[in-house]
Amino acid sequence: TSRFKIYRATITAPADSRQMAVYLPMFDGSAMVILNGYTVGRSGSMQNPIADMTYQPTLFALPRDHYRSGTNTLDIIVSAQVPGGGRLIPFHVGPADELESAHALVSFLTVDILAVINGIFVVLGFCALLLYASGDRDRLYLWFVLLLAFSAARNLNILWPEWPETLATRNWIYLTATLGVLLSMSGLVSRFAMRSETRMDIGLVLLIVPASILIWYGLQTDLWANWMRTNAAIRVVGIILVPYALIRFLLHARSLAVPVHSVIFALLAVGLVLVLHDIVQSWPPRRLVFQLSNLAALPIVLSFCVTLVSRYAAHLAAIKAHNRELREAVAARESELAESHRRESEQARRQVLGEERQRIMRDMHDGVAGRLAVMIQQLRRGGAPDESLTDELQHSLHDLRLAINSLDEELGVDLKAALESFREQIEPIAKEHGVELLWEDTVTESPELGPERTLQVYRCLQEAIHNVLRHAEASQVVVQVGGDEQSIELSVRDDGKGI
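Here the structure is a predicted model, which is why all the values come from computation and not from measurement. Position numbers for residues start from 1 in each chain and track the written sequence from start to end. Where totals are concerned, whole chains, interfaces and linings use all residues; where local detail is concerned, this predicted model gives features only for residues with pLDDT of at least 70, and gives and counts side-chain atom pairs only at 80 or more. As a rule here, side-chain values come from all non-hydrogen atoms in the structure, and water together with hydrogens is ignored.

Novice: Can you break down the overall build of the protein residue by residue, with the values?
Specialist: Under the DSSP-based scheme used, a helix requires at least four consecutive residues in state H or I and a strand at least two consecutive residues in state E, with every element numbered from the N terminus. Scanning the protein for helices and strands turns up 12 helices and 10 strands. Any residue under 20% of the maximum accessible area for its type is buried, any over 50% is exposed, and the rest in between are partly exposed; the area is computed with a 1.4 Å probe on protein chains only. Counting every position in the protein, which comprises 499 residues, the buried fraction comes to 43%. Residues count as neighbours in contact if any of their non-hydrogen atoms are within 4.5 Å of one another. In the protein, of all internal contacts separated by at least 6 residues, the share reaching a separation of at least 24 is 76%. By element, 59% of the accessible surface of the protein is carried by carbon and sulfur atoms, the whole surface being about 27,200 Å². For accessible areas, the Shrake-Rupley method is used with a probe of radius 1.4 Å. Any residue's cover is judged against the shown protein chains and nothing else.

Novice: Now, about unusual backbone geometry: what can you tell me, with residues and values included?
Specialist: Backbone geometry places N36, a non-glycine residue, at a positive phi of 55°. According to the relative accessible area criterion, N36 is buried, its value standing at 8%. The phi torsion at E473 lies on the positive side, around 50°, for a residue other than glycine. Mapped onto the elements of the fold, E473 is located in the loop between α12 (451–472) and β9 (476–483). On the accessibility criterion, E473 (65% relative accessible area) is exposed.

Novice: How would you summarise the side chain of N226 if you had to cite specific residues and measurements?
Specialist: With respect to the helices, strands and loops of the structure, N226 is situated in helix α6 (residues 223–252). Within 3.5 Å is the distance limit for a polar contact, defined as a pair of N or O atoms, with the added protein rule that one can donate a hydrogen and the other accept it, and that residues adjacent in sequence qualify only through two side-chain atoms. Polar contacts involving the side chain of N226 include one to the main-chain carbonyl oxygen of G218, which spans 2.4 Å. Other than its neighbours up to four places away in sequence, N226 contacts G218, L219 and T221.

Novice: So what's going on with the sheet that holds strand β10 (residues 488–494)? Which residues, and what values?
Specialist: Strand order in the open sheet formed by 3 strands is β8-β9-β10, with mixed pairing between adjacent strands. Each edge of the sheet is formed by a strand with only one pairing partner; in this case those strands are β8 (436–443) and β10. Averaged over neighbouring strand pairs, the angle between their axes works out to 10° when direction is ignored. When β9 meets β10, the two strands line up antiparallel, connected through 7 bridges. When the sheet's bridge partners are listed, V478 is paired in β10 with R493. For two strands to count as paired, DSSP must find a minimum of two bridges between them. Think of each axis as a best-fit line through the C-alpha atoms, taken over the contacting stretch in the case of a helix, with angles from 0 to 180 degrees between the N-to-C directions.

Novice: Tell me about empty space enclosed by the protein, residues and numbers included.
Specialist: Left-over empty space is what a probe sized like a water molecule reveals as it rolls over the atoms. Within this scheme a cavity is a closed region of a 1 Å grid, computed over the protein atoms alone, that accommodates a 1.4 Å probe without allowing it to escape, whereas a pocket is open but has protein on both sides within 12 Å along at least five of seven lines; lining residues each have an atom within 4 Å of a point. Grid points are joined across faces, edges and corners, and a volume is the space filled by probe spheres set on the points. Going through the model one piece at a time under the given rule, you end up with 4 cavities of 30 Å³ or more. Reported here for the largest cavity is a volume of approximately 70 Å³. Taken together, A153, R154, L156, N157, W163, P164, R170, I173 and Y174 form the lining of the largest cavity. For the lining of the largest cavity, the secondary-structure elements that each account for two or more residues are α2 (140–159) and α3 (167–194). If one sorts the elements of the lining of the largest cavity by residue count, α2 sits on top with 4 residues. Under the convention adopted here, Pro, Cys and the residues Ala, Val, Leu, Ile, Met, Phe, Trp and Tyr are nonpolar, Asp, Glu, Lys and Arg are charged, and Gly plus all remaining residues are polar. Among the residues forming the lining of the largest cavity, the class breakdown is 6 nonpolar, 1 polar and 2 charged.

Novice: Quick rundown of helix α1 (residues 96–133)? Include the residues and the values.
Specialist: Helix span, as expected, comes to 1.5 Å for every residue beyond the first. Helix length check: α1, at 38 residues, gives a terminal C-alpha distance of 53 Å against a target of 56 Å (1.5 Å per residue), a fit within 8%. What we call the bend at a residue is the angle made by axes fitted to the seven residues finishing there and the seven residues starting there. Residue F108 marks the point of greatest curvature in α1, where the axis turns by about 50°. Phi turns positive one or two residues past the end of α1, at G135, with a value near 130°.

Novice: An account of the packing of helix α5 (residues 208–221) against α6 is requested, with residue identities and associated values reported.
Specialist: The contact between α5 and α6 brings their axes to 6 Å, and the two run at 145°. Note on packing geometry: the crossing formed by α5 with α6 is right-handed. Note on element contacts: α6 touches α5 through L223, N226, W227 and T230, opposite I215, G218, L219 and T221. For the contact of α5 with α6, the per-class residue count stands at 4 nonpolar, 4 polar and no charged. By convention the crossing between two helices is left-handed if the near helix lies anticlockwise of the far one by an angle smaller than a right angle, and right-handed if it lies clockwise.

Novice: Run through the environment of I208, naming residues and quoting values.
Specialist: Structurally, I208 can be placed in helix α5. Taking relative accessible area as the criterion, I208 reaches 8% and is therefore assigned buried. For I208 and S184, which are 24 residues apart along the polypeptide, the C-alpha to C-alpha distance reads 9.8 Å. In this structure I208 touches F150, T176, G180 and L183, once residues within four positions along its chain are discounted.

Here it is in structure tokens:
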């Protein structure tokens with residue numbers, strides 16, 4: 001019934017100068033090592049409140065000045081938290097340098113790795129809350145945060161064995177966190193598998209509150225007896241819930257992709273098997289074993305990360321498909337707009353050509369046709385000289401050509417090309433009259449005139465040059481054309497007699 005147990009061994013003093021040590025992989029509570037009546041070292045508090053240093057592997061050096069010649073007595077006192085405890089698995093005595101590697105490995109597997117895992121839990125839990133708060137209201141994140149919180153609280157039993165100081169509070173945190181891990185793990189697996197939890201899952205998690213209150217009051221009244229009862233009840237809950245959660249995942253996780261489904265199932269299975277290991281191993285008769293369930297949350301966390309990655313990949317694929325559809329729709333719309341613009345341009349061009357035809361018909365009626373009618377009347381009267389009729393016919397023919405040339409779309413766009421076309425027509429006529437035509441074109445930026453204004457420019461030049469050929473008795477005529485995007489300037493000069 002005592003909280004203390006003493007394990008005694010006899011050892012022989014080392015023959016060489018090597019440093020000897022005693023290595024305790026695991027013990028129930030706190031431990032103190034005594035060599036020949038001298039305290040060598042202590043791990044945790046030996047008096048109330050007794051620290052739970054069980055999972056803190058310890059290496060104690062054995063000073064050479066405390067050895068006796070021949071046989072030496074080595075006592076290991078284990079102080080347990082409850083009566084009947086004080087268990088100790090086999091310990092090792094030997095050279096310190098040889099035991100150090102074993103001590104470092106077990107310390108890493110039982111303590112250091114838990115500290116890293118708890119740090120990962122804090123970061124991932126914060127990220128999950130950010131994802132939930134950012135607008136993705138999937139309760140999977142809340143289940144995940146709940147599991148991380150309970151797992152981290154349970155790991156504190158190993159990482160901070162002397163906190164809190166009250167033994168009842170320490171055990172209450174451990175038991176409540178263990179129950180919370182089992183219940184939240186079941187709900188998280190359901191959310192993985194079916195994308196929605198059932199009322200039973202939510203109800204089980206809500207049971208943590210009254211269960212935690214009952215555990216608290218039970219530990220305050222009879223710590224040891226109620227600890228044993230509660231621990232046994234939690235083991236029963238675990239034996240039922242763990243296989244149940246695994247079966248639910250197998251039955252309902254059909255919506256996941258096959259590779260993702262396999263990876264998540266394997267990770268969940270590892271985590272659940274670790275939990276079952278501790279449940280079975282800790283069943284009476286009680287043995288002191290390493291708690292693998294402290295690592296069970298890690299594969300669960302990895303399965304959550306795999307789920308997030310698969311969701312991200314699915315969303316990315318959906319976005320790419322949507323972008324591809326948008327590009328196709330935009331391309332189709334651009335093609336429709338281009339076709340519509342082409343039809344509108346064609347219709348506008350036809351309308352302009354129609355208007356130009358009407359204008360040409362009016363010009364021909366008022367200009368060429370009028371001149372021809374006058375010449376016909378003169379011929380009928382017999383009073384018109386042949387030279388005058390020839391000039392009138394020539395003038396009418398040029399006017400007709402100018403009207404026709406003004407309809408050329410390219411000339412209506414490019415002023416320099418239109419003026420060059422006019423020059424090719426007028427230069428032979430000037431030579432026939434014995435007049436030299438000098439042409440100077442300084443147009444920098446050709447404004448887009450259109451057929452009507454191109455014809456106006458033609459007629460201005462035609463009228464001026466024809467006046468020179470008819471009346472100026474000149475030997476040379478100089479035509480200068482200049483302009484920019486805003487205006488056109490025409491200049492016609494001759495060396496004739498003037499007015």
